[in-house]
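Residue strings, one per chain:
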Amino acid sequence: MSSADLRDLYQQVIMDHNKKPRNFREMGNANHLAHGNNPLCGDALVVFVKLDGDVIEDVSFQGSGCAISVASASLMTEALKGKTLTEAETLYESVHKQMTGEDIEQSALGKLEVLSGVKEFPARVKCATLSWHTMHAALDSDHDISVTTE
Ligand code: ZN
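Thresholds, definitions, all that
- Residues numbered from 1 in each chain as written.
- Predicted model: local features only at pLDDT ≥ 70, side-chain atom pairs only at ≥ 80, totals over all residues.
- Heavy atoms only, no water.
- Core = buried A, V, L, I, M, F, W, Y, C linked by side-chain atoms within 4.5 Å.
- Buried < 20%, exposed > 50% of the residue type's maximum accessible area, 1.4 Å probe, protein only.
- Helix = DSSP H or I, 4+ residues; strand = E, 2+ residues; numbered from the N terminus.
- Contact = heavy atoms within 4.5 Å.
- Axes fitted to C-alpha atoms, helices over the stretch in contact; angles between N-to-C directions.
- Parallel < 35°, antiparallel > 145°, perpendicular 65-115°, else oblique.
- Left-handed = near helix turned anticlockwise from the far one by under 90°.
- Nonpolar A, V, L, I, M, F, W, Y, C, P; charged D, E, K, R; others polar.

Judged by nonpolar contacts, the single largest core of 36 residues is most densely connected at Ile56, Ile68, Leu80, Leu112, Trp132 and Met135. Counting only elements with at least two residues in this core, the list comes to helix H1 (3-19), strand S2 (43-52), strand S3 (55-64), helix H2 (67-80), helix H3 (85-99) and helix H4 (125-140). At eight residues, H2 tops the list of elements feeding residues into this core. The residues contacting Leu80, other than those within four sequence positions of it, are Ile56, Val59, Ala88, Leu91 and Met135.

Dropping the structure here:
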């Protein structure tokens, strides 16, 4: 994908997911959840996960934040549903590397490749990674925890 195409797609996808976030709901029967805060921007999200064995049966989020934080969380929930913990961990690492500018195999990301567009806005990288850090913390813990972007 050319960088101009990626920029257009990035804008479209962020706008769409911000306007109509997927899986934007509280999950009463979640068995993992975490609160994520990005004080630099004021993004505050809660990520809910329902694990069945090592499969992510359901994942959702709530909260408020800028367009990028909401869209990234929305894309994340779509990507993670039905994944195993190992697959989720691999995806987390790939997305993190991609958004912080490391070269990775783009085909590993599929639709999430669009998130790499955030590299052009370095101040917003923490907005885009927030939901991923929060999801990672939720899976690592069996009680409600809070994470803050570094
Ligand atoms: Zn933000």
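Having seen the structure, we can now continue with the description.
The next subject is the packing of H3 against H4. As a packed pair, H3 and H4 sit with axes 10 Å apart at the nearest point and diverge in direction by 160 degrees. Here H4 runs roughly antiparallel to H3, going by the angle between their axes. Crossing geometry of H3 relative to H4 is assigned as left-handed. Residues Leu85, Ala88, Glu89, Leu91, Tyr92, Val95, His96 and Met99 of H3 pack against Val125, Ala128, Thr129, Trp132, His133, Met135, His136 and Leu139 of H4. Here the residues of the contact of H3 with H4 are counted per class, giving eleven nonpolar, four polar and one charged.

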